[in-house]
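Structure at a glance
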Amino acid sequence: MWIIKKAFFIIFVFIIFSNVLGCRYAEETNSNNKKYMAANGWSILYPSTWDRVEDSFIQETSTGQIIQFSSERKELLDLFDWIDNDIEIKLSSKEASNSLFEPVRVDKLNDITIYEYTVQSDKDGITRLLKTTIFYDGNMMYEFYGALPDIEGEIYEAIINSFKLEQ
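First things first, this report covers the structure right here in the doc.

What counts, and where the lines are drawn
Residues numbered from 1 in each chain as written. Predicted model: local features only at pLDDT ≥ 70, side-chain atom pairs only at ≥ 80, totals over all residues. Heavy atoms only, no water. Core = buried A, V, L, I, M, F, W, Y, C linked by side-chain atoms within 4.5 Å. Buried < 20%, exposed > 50% of the residue type's maximum accessible area, 1.4 Å probe, protein only. Helix = DSSP H or I, 4+ residues; strand = E, 2+ residues; numbered from the N terminus. Contact = heavy atoms within 4.5 Å. Phe/Tyr/Trp six-rings, centres within 6.5 Å; stacked < 30°, edge-to-face > 60°. Pairing = 2+ DSSP bridges. Axes fitted to C-alpha atoms, helices over the stretch in contact; angles between N-to-C directions. Expected span 1.5 Å × (residues − 1). Arc of directions from axis to C-beta. Patch = residues over 30% accessible without salt bridge, like charges linked within 9 Å, V, L, I, M, F, W, Y side chains within 5 Å. Areas by Shrake-Rupley, 256 points an atom, 1.4 Å probe, with all protein chains shown as cover. Salt bridge = Lys/Arg side-chain N within 4 Å of Asp/Glu carboxyl O.

1. A few points about the nonpolar core
- In this structure, Trp42, Ile44, Ile67 and Phe144 are the most contacted members of the largest nonpolar core, which totals 22 residues.
- If you list the elements that add at least two residues to this core, you get strand S2 (42–47), strand S5 (65–73), strand S7 (112–123), strand S9 (140–148) and helix H3 (153–161).
- Every residue in contact with Phe144, bar those within four places of it in the chain, is listed here: Trp42, Ile44, Ile67, Gln68, Phe69, Lys131, Thr132, Thr133, Phe135, Tyr156, Ile160 and Phe163.
- Leu79, Tyr115, Ile134 and Met141 belong to the second largest nonpolar core, which has eight residues in total.

Quick look at the structure:
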C-alpha cells in the first residue's frame, strides 16, 4: 500500500512541477504582450507597443494600426443574416472598389465557432484587406475587424488567436 501512496506522491509532485514550468514558459513567451479584458468576460493579448485601449478598439497610435471589436447577443440565424449584411455593405461601398477576397470560412475551437472572411478594398491606388473574425459561443457574437496592411497580418492573427472566454 505504501508503494501506491509513494507512486501517487511522485506523480503529484511531477504534475505540480510541470505546471509551474508551463506557467513560467507562458509568461516568458507573452512578456511582449498586454492583456485586454472586456467587461463581458473575454480577453485578448496585444503587443505591448500598442498604446491606446478603448471599449471598442486597441491601437498603436504611432502607426495607426487598429483592431476594432464588439460583442452582442445573437441567435444563430440572426448571426448568418448579420454576416451576409456586413459583406453586402462592404461590397456595395461607393468609396472604394471592393471584392470578396476570402469567402466565409468556418472553424470550430472547443465550444466556439469561428467565422472569418476578408474583403479586398482598392481605393486611390491603395489595396487593403478588410479582415473580419467572429467568435460565436451559441449565444454571444464577438466580432473583430482589422484593415490590412494598416494592421499587419501576423499581428492581427496573433491577437485573434489569443481570444479567450474567461467565464
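2. Description of the packing of aromatic side chains
- For the structure on display, the rule yields eleven aromatic pairs.
- Note on Trp42 and Phe69: the rings are 5.2 Å apart at their centroids and 85° apart in plane angle, and the pair reads as edge-to-face. With Trp42 in strand S2 and Phe69 in strand S5, this pair connects stretches of sequence that are 27 residues apart.
- Centre to centre, the rings of Phe135 and Phe163 are 4.0 Å apart; their planes meet at 10°, and the pair counts as stacked. Remark: Phe163 occurs in the loop between H3 and strand S10 (164–165) and Phe135 occurs in strand S8 (residues 126–136); sequence separation between them is 28 residues.
- Judged by its relative accessible area of 4%, Phe135 falls in the buried class.
- Here Phe163 falls in the buried class, since its relative accessible area comes to 9%.
- Within the aromatic cluster, the residues linked to one another by ring pairs are Tyr36, Trp42, Phe69, Phe135, Tyr142, Phe144 and Phe163.

3. Some thoughts on the sheet that holds S5
- What the seven strands build is an open sheet, ordered S3-S4-S5-S9-S8-S7-S6; its pairing is antiparallel. Only two strands of the sheet have a single partner each, and these edge strands are strand S3 (52–53) and strand S6 (97–109).
- Sheet topology note: the strand S4 (residues 57–60)/S5 ladder contains four bridges and is antiparallel. Considered in S5, the bridge of Ile58 is made with Ile67.
- Running at roughly 10° to S7, helix H2 (residues 76–91) makes contact with S6, S7, S8 and S9 of the sheet.

4. Here we look at H2
- With 16 residues, H2 should reach 22 Å at 1.5 Å per residue; the first-to-last C-alpha distance of 23 Å fits that figure.
- Those residues of H2 that fall on the buried side of the exposure criterion are Leu79, Ile83, Asp86, Ile87 and Lys90. Down the axis of H2, the sector holding all buried residues measures 95°, keeping them to one side. What points out from H2, more than 90 degrees from its buried face, is the exposed set Leu77, Glu88 and Ile89.

5. Quick notes on the pairing of S6
- In this structure, S6 lies alongside S7, joined through ten bridges in antiparallel fashion. When the bridges of S7 are listed, Glu102 appears paired with Thr118.

6. Focus: the sheet that holds S2
- In space, the three strands of this open sheet follow the order S1-S2-S10, with antiparallel pairing throughout. Every other strand in the sheet has two partners, leaving strand S1 (33–37) and S10 as the edge strands with one partner each.
- The pairing of S2 with S10 spans two bridges and is antiparallel. Within the sheet, the bridge partner assigned to Ser43 lies in S10 and is Lys164.

7. What to know about a nonpolar patch on the surface
- A cluster of nonpolar side chains, contributed by Leu76, Leu77 and Phe80, occupies part of the molecular surface with about 280 Å² of accessible area.
- Its place among the elements puts Leu77 in helix H2.

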